[in-house]
Amino acid sequence: MLKRFLIIFIWGSLLLSCGGKEGQKSIEDSENLKHGIIAALNQENSDLALSLAISGQERFPNEKDFSYYRAQALSLKANIDIYSLFPLVKMQLFDIAINEWEKANEFEERRRQNTNLSILGEGSLDERYEETDIIQAKIDLLKSLSKEDLDSLENEWHLETFYTYGEGTEPDPKHCYIYYEAKNKHTPKGKSFYSSIWISNDNECDSLTDEEKLELVKKDSPPFKINDWTIYQLNERLDRVKNRKSSERYIKAGFALFDGLPILRSIPTITREELTFLKDALSSLEEVKDSRGLSPRLKDNSTKQIGLIGAYLITFSLASSIDLDQVRQPLDFACKINAGKIIDNYPFMRIGFKSLLSVGIETEFYLKNKKNFDYIQEQMKLAPENLTDEQKKAFINDIENFQEDNC
Amino acid sequence: MILKTFKRIIASFTLLLPSAYAINVTHSIKPRNGFHTSTLQNSCSTFLGTSFSSECNIALFPLTPKNGVFISGVAKSDGDSIDNGRDLIFDPITLDLLRNLFQNSNYNSFSFNSRVSFSNELFEISYSPYYLLADLYLFNPAFPEISLNLVNRETLSLSSGLILLGSNKPNSFKVSTGATLSYYSHESANSLFSLFDLSNQNPESLILFDTQYGVQADVSFFVDFGNSYLPDLSMQFKNMGSKVKVNKSQAISATRLSPRFLFEPYSQFGIGKKVNTPFGAFSLNLESFIIDVNQEIDWDRSAFGVYYTLNLFSIYGSLSKFYKVVGISFKSELFDVGVSYNSEKDIGDFQQSYENAAYIGVDISI
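The structure contained in this document is the topic of the report that follows. (Residues numbered from 1 in each chain as written. Chains lettered and ligands numbered in written order. Predicted model: local features only at pLDDT ≥ 70, side-chain atom pairs only at ≥ 80, totals over all residues. Heavy atoms only, no water.)

### Section: the state of the cysteines
Between two cysteines, a covalent bond joining their sulfur atoms is known as a disulfide. Residues and elements named next belong to chain B. Enumeration according to the criterion identifies one disulfide over all chains in this entry. The disulfide partner of C44 is C56, and the S-S distance across this bridge is 1.7 Å. The sign of the S-S torsion, about -90°, decides the handedness of the disulfide formed by C44 and C56: left-handed. With C44 in the loop between α2 (35–39) and α3 (53–56) and C56 in helix α3, this residue pair connects regions lying twelve residues apart in the sequence. For C44, a relative accessible area of 0% translates into the label buried. Assessed through its relative accessible area of 1%, C56 is described here as buried. (Disulfide = S-S within 2.5 Å. Helix = DSSP H or I, 4+ residues; strand = E, 2+ residues; numbered from the N terminus. Buried < 20%, exposed > 50% of the residue type's maximum accessible area, 1.4 Å probe, protein only.)

As structure tokens, this is what we get:
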């Protein structure tokens, strides 16, 4: 009995140990392979890193880590690494020595406050409620009120009386304008309705009391009642604000690009083949980002790297489409743009925007600039993967016409 | 038959033991180490009759008593790590520095230890206000990440020992034991973050310190057979009861640094001999370290130490797979000052090249 038990125990231990040994060996092989990939990446040996990563994907298909490392190898192969991006990174991170991190925090704080100067930026988090939203809300409120409620709106009246001049030079005290200013709580700040009525009084105008003047004004029915006039004024203001915002956006974009001119000039250029490596790297990173059960570190790194590569593709496309040496002022960005090169770079700009927008959601930057983000996302859904000949021609014509008219 | 069966059972269990494949980090300067022990890579547990005997092996305390107050300090003073650390901290980072960091010096470290002790024939009380470690591992230039390990440890210890068998006479058989009871405050941070995290987050939020308090014990044994043929033996059980364990997730990570043979429980055994010559005494020792006290021997960390002394002048040397160390010291009535030159790889095979570093140490006897 004991002998039988021992035999079962021994065989069971050996079998378990073999399985355990295999499992441990598999983990060890996987980790050793990752070490090899990291060593190859550090030595900038992208071909070795890529072959090891692909080998890892084949041997350990369930481990998405190797997809992540494949993306690193491809990024290195495309020469998009800390060395080529150093001028950009340096401007953000290494303007000062690390022992002055207090100043680095101040620098970072200033950079955050200047978010509204970026191309997509609109304002700070505190200004989340747009002026246009407030005005529209007032309009909607007034339209939703009943006539009785509108009529009961408390109005403020301010009356003035002016004499009118008769055919001669002598004023006629029995003929006068009553000049009045009217507003209520919905009147836009600082604005009032000014109007006047002409009366012919049996008595002299000066004998009228304020109450009698007010009655005459109300009876005479100005062109707009207070509520209709208020809505009209609000709508006018809304249009003015929208137009101003639109202009501001383009001006901001122009200035942001102009401010970023040193960065644009230092963007590393890469070949078409290297761009395809980047595209491949992006798809690997997207796969890692969307994987379940992966470590938060790799998901987080993938998200950030997608944003970095996306931003690079956009800035590279812009930089290579404009003769930057000829840019002397913000308007030159539009005047020196090469429409043909924009079209050539369109696929990469499209991928860049899609990548950047896909990782921008749920960030603080997105919350601050939600409207612009959502608008561009909608446009991206409509943007074709490749432009047709007609679209290309139309785009070139638009650019050339603009340049003829404005440059 | 039963013996065979027993051996097979033991063998089957050993096959289940985990293999080491994490980025294990060791340091020349361990807690309780001064200049001498760090230069010898702790391969000195059989060195009887030296000023640092009990520092190497507390079981030697009853055999090499000393009286007085002692202050000691040892630090890494020069090397690529020091240069890179200085450049990183005090100067704006350049492209050349980054390239050097990734390709040649992807691992950088700093270590420092200080100690004050009062010793008599019966016991020793020591206080180590600062034991500092800083390890930085930089990898992947495509999307740079930094693996950081920082430690600040404070320890108060009480040590004593006794002779179990034999007597403390030269060339006589003796077995001694010793123990150290320590109260520690262990503040550490083990972080992994990307370089771009620095632009988005406050650096203080990236490096989060965790503090642990606890009590631990070292228990050691020493055997001197008392003749010139048989070597001396030692066995030490370190950090017993320590709450600072090897982090399991870090231990299987290809990117996280996992300190080894520093704070977690482990054991070590040594075999050595002292050879007296007309030109002075040579002490030789081979030391090996056992993971988790009784698991497996980490042969890569085994070290051979040699110590030669001639009056006030001493030479130290130690050799292991990842450390090659040579040091000298001069001893006066009050001071013992030493300097060593190390060629080291704290992270073993994961370090691309050996770092040449210099360590200095001072012992003051009051």
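### Looking at the pairing of strand β7 (residues 210–224) of chain B
Remark: a regular strand shows side chains that alternate across the two faces of the sheet. As defined by bridge partners, strand β6 (residues 174–194) of chain B adjoins β7 of chain B across 15 bridges and the pair is classed as antiparallel. Note that in β7 of chain B the partner of S185 of chain B across the bridge is Y213 of chain B. (Pairing = 2+ DSSP bridges.)

### Re the packing of helix α11 (residues 272–289) of chain A against helix α12 (residues 296–321) of chain A
Residue and element names in this part refer to chain A. Direction vectors running N to C along α11 and α12 enclose 150°, while the axes themselves pass 9 Å from each other. Between α11 and α12, the interaxial angle falls into the category roughly antiparallel. Judged by the twist between their axes, the crossing of α11 over α12 is left-handed. Contacts between α11 and α12 involve L275, L278, L282, L285, E286, V288 and K289 from the first element and L298, K299, S302, T303, Q305, I306, I309, Y312, L313 and F316 from the second. Partitioned by chemical class, the residues of the contact of α11 with α12 number eleven nonpolar, three polar and three charged. (Axes fitted to C-alpha atoms, helices over the stretch in contact; angles between N-to-C directions. Parallel < 35°, antiparallel > 145°, perpendicular 65-115°, else oblique. Left-handed = near helix turned anticlockwise from the far one by under 90°. Contact = heavy atoms within 4.5 Å. Nonpolar A, V, L, I, M, F, W, Y, C, P; charged D, E, K, R; others polar.)

### Some thoughts on the pattern of salt bridges
Applying the stated criterion across every chain yields a total of 19 salt bridges over all chains. Across the salt bridge formed by K289 of chain A and D290 of chain A, the nearest N and O atoms sit 3.6 Å from each other. D290 of chain A sits in the exposed class, given a relative accessible area of 52%. Its salt-bridge partner being R297 of chain A, residue E145 of chain B comes within 2.7 Å of it at the nearest N-O pair. (Salt bridge = Lys/Arg side-chain N within 4 Å of Asp/Glu carboxyl O.)

### Quick word on the packing of aromatic side chains
For the structure on display, the rule yields 17 aromatic pairs over all chains. Pairing F60 of chain A with F66 of chain A gives two aromatic rings, centres 5.7 Å apart and planes at 15°, and the pair type is stacked. Judged on exposure class, the residue F60 of chain A and its partner F66 of chain A are both buried. Taken together, a centroid distance of 5.4 Å and an interplanar angle of 45° make the contact between F261 of chain B and F289 of chain B tilted. Of this pair, F261 of chain B sits in the loop between β9 (257–259) and β10 (266–277) while F289 of chain B sits in strand β11 (residues 280–290); the two residues are 28 residues apart in sequence, bridging distant segments of the chain. When its relative accessible area of 2% is taken as the criterion, F261 of chain B is described as buried. (Phe/Tyr/Trp six-rings, centres within 6.5 Å; stacked < 30°, edge-to-face > 60°.)

### Quick look at the pairing of strand β5 (residues 145–166) of chain B
Both strand β4 (residues 124–139) of chain B and β5 of chain B contribute to a ladder of 14 bridges, which runs antiparallel. Bridge pairing in β5 of chain B links Y137 of chain B to S147 of chain B.

### Re the environment of N227 of chain B
Residue and element names in this part refer to chain B. Take N227: it is sitting in the loop between β7 and β8 (232–240). Given a relative accessible area of 29%, N227 falls into the partly exposed group. In this structure the C-alpha to C-alpha distance between N227 and N171, which are 56 residues apart in sequence, comes to 5.9 Å. One polar contact links the side chain of N227 to the main-chain amide nitrogen of Y229, over a distance of 2.8 Å. (Polar contact = N/O pair within 3.5 Å; in protein donor to acceptor, adjacent residues only side chain to side chain.)

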